[in-house]
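Okay, here's what each chain looks like letter by letter:
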Amino acid sequence: MDKTQYKDVYVFAEQREGVIQNVAFELLGKARELADRLNQKVVAILAGSGIKEKAKELIAYGADFVLCVDAPELKQYITEPYAQAVTQIIRERKPSILLIGATTIGRDLGPRLSARLETGLTADCTGLDISEEGDLLMTRPAFGGNLMATIICKEHRPQMSTVRPGVMRMGTANEKREGTVEDITVHFDTSKFKVRILEVVKEQRNLIDITEAKVLVSGGRGVGNTEGFRMLEDMAGAIGAEVSSSRAMVDAGIMTHDRQVGQTGKTVRPNLYFAMGISGAIQHLAGMEESDYIIAINKDKYAPIFQVADLGIVGDVRKIVPLLTEKLKNERNKVK
Ligand code: FAD
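What you see is a predicted model, and the numbers here were worked out from it, not measured in a lab. (Residues numbered from 1 in each chain as written. Predicted model: local features only at pLDDT ≥ 70, side-chain atom pairs only at ≥ 80, totals over all residues. Heavy atoms only, no water.)

Some points on the pairing of strand E11 (residues 159–163)
And then number 1: Along E11, five of the five residues are buried, which leaves the element largely enclosed by surrounding structure.
And then number 2: Side chains of E11 alternate between two faces, with Gln 159, Ser 161 and Val 163 and Met 160 and Thr 162 buried alike.
And then number 3: Two elements, strand E6 (residues 97–101) and E11, share five bridges in a ladder whose sense is parallel. Note on E11: the bridge partner recorded for Leu 98 is Met 160.
And then number 4: Of the pairings in the sheet, the one linking strand E7 (residues 121–125) to E11 comprises three bridges and is parallel in character. For Thr 122, the partnering residue across the bridge sits in E11 and is Ser 161. (Buried < 20%, exposed > 50% of the residue type's maximum accessible area, 1.4 Å probe, protein only. Helix = DSSP H or I, 4+ residues; strand = E, 2+ residues; numbered from the N terminus. Pairing = 2+ DSSP bridges.)

So, in structure tokens, the structure goes:
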């Protein structure tokens, strides 16, 4: 393979119902950094139906070019049409790097593309950098999170990586940035379309996605049971926070997986993270240590969570949380 034919850093800009997902903006920030190091361009792939006007948002977040595939076949995400569209673009344009969000869509699309393009894919990267030779250094946890592995895709192009939402920091939009939007026509092989969406039934949820929450009250095994989590919900309600948890509580069936923080859960970066009765295992820390301010309550003063906490309270969560909630409610009432 002649690697010199391949250039530029591409980002698959995921949109759902015409709304560009935050992970796309996060990836554009990282792509900008990588492209500047390589002296190359950032190109966003925007696929969907009736989405062209969204291209300017991608330019504001760092794209130099937006390749817009606007087709009725791409109205909702279905693997085959999306895989065909992106594969065609990659084959024609030959990017050096392709970044995709590790969302349910990205996790479905990424492996299809890498198989069709006969290149490697490093999933769930937590760090991306450029080597002295100009290759992409893709870092991700390995061996159950006990080791960080840096993976290089030396022989094949594009170098593909998925990154979970919240891992890369989102930059600020610059509405004045200029870029080029190009329409791309894709020739679909509809004989390969085996799936049709008949109806979309949305799950009713009142909760905010924990990756979007500004304050998280997170509970671990030390909180114990459903009753303990009700106590956390009460506290969260008093300060407009969301409740999340360690994996131990998901495994115990007390919390749902979409509330799990950590390596196999979600990566969160709130302004304030309360770690209640959470020991601070490396796999948990991987998902929350970038929070702006961490308050930990644990009865074991040697718990590893205290090493990342800005404020640590040694004591029993079951005693401290109700007192804290009462105090917070009083303060809130004073403000009212
Ligand atoms: P424990 O480790 O049991 O800690 C409970 C803590 O509560 C202790 O520190 C204890 O001192 C304290 N405590 C007990 N009672 C009280 C009390 N009354 N008041 C105050 N403190 C109290 N874990 C995750 O969280 N997220 C992940 O995504 C994740 N992914 C994983 C992936 C792999 C491949 C593997 C191998 C593991 C993963 N884990 C993950 C599991 C992780 O290793 C830990 O087992 C888990 O985080 C422990 O959860 P915990 O802190 O709630 O429980």
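With respect to the nonpolar core
And then number 1: Val 9, Leu 28, Leu 46, Leu 58, Val 66, Leu 99 and Leu 128 are the most contacted members of the largest nonpolar core, which has 34 residues in total.
And then number 2: Broken down by secondary-structure element, the contributors of at least two residues to this core are strand E1 (9–12), helix H1 (22–38), strand E4 (42–48), helix H2 (55–60), strand E5 (65–70), E6, strand E8 (127–130) and strand E9 (136–142).
And then number 3: In terms of residue count, the dominant contributor to this core is H1 (nine residues).
And then number 4: Residue contacts for Leu 46: discarding those within four places in its chain leaves Ala 13, Gln 15, Ile 20, Ile 51, Lys 54, Ala 55, Leu 58, Val 66, Leu 67, Cys 68 and Val 69. (Core = buried A, V, L, I, M, F, W, Y, C linked by side-chain atoms within 4.5 Å. Contact = heavy atoms within 4.5 Å.)

Notes on the domain arrangement of the chain
And then number 1: Domain assignment breaks the chain into domain 1 (3–192) and domain 2 (215–335).
And then number 2: Facing ten residues of domain 1, the contacting portion of domain 2 comprises ten residues.
And then number 3: Taking both partners together, domain 1 and domain 2 bury about 790 Å²; carbon and sulfur atoms supply 31% of that area.
And then number 4: Where domain 1 packs against domain 2, one counts zero salt bridges.
And then number 5: The interface formed by domain 1 and domain 2 includes five residue pairs in polar contact (both at pLDDT 80 or more).
And then number 6: For the side of domain 1 that touches domain 2, the per-class residue count stands at four nonpolar, four polar and two charged. (Domains from an automatic or database assignment. Buried area = accessible area lost by both parts, 1.4 Å probe. Salt bridge = Lys/Arg side-chain N within 4 Å of Asp/Glu carboxyl O. Polar contact = N/O pair within 3.5 Å; in protein donor to acceptor, adjacent residues only side chain to side chain. Nonpolar A, V, L, I, M, F, W, Y, C, P; charged D, E, K, R; others polar.)

Re the pattern of salt bridges
And then number 1: Within the structure shown, the criterion is met by 22 salt bridges.
And then number 2: The salt bridge involving Glu 14 is made with Arg 16; its shortest N-O contact spans 2.8 Å.
And then number 3: The buried category is assigned to Glu 14, whose relative accessible area is 2%.
And then number 4: Asp 64 is paired through a salt bridge with Arg 177; the nearest N and O atoms lie 3.1 Å apart. Within this pair, whereas Asp 64 is found in the loop between H2 and E5, its partner Arg 177 is found in the loop between E11 and strand E12 (180–183), the two being separated by 113 residues in sequence.
And then number 5: Overall, Asp 64 belongs to the buried group, its relative accessible area being 14%.
And then number 6: Where salt bridges share partners, they join Lys 3, Asp 135, Lys 154 and Arg 157 into one cluster.

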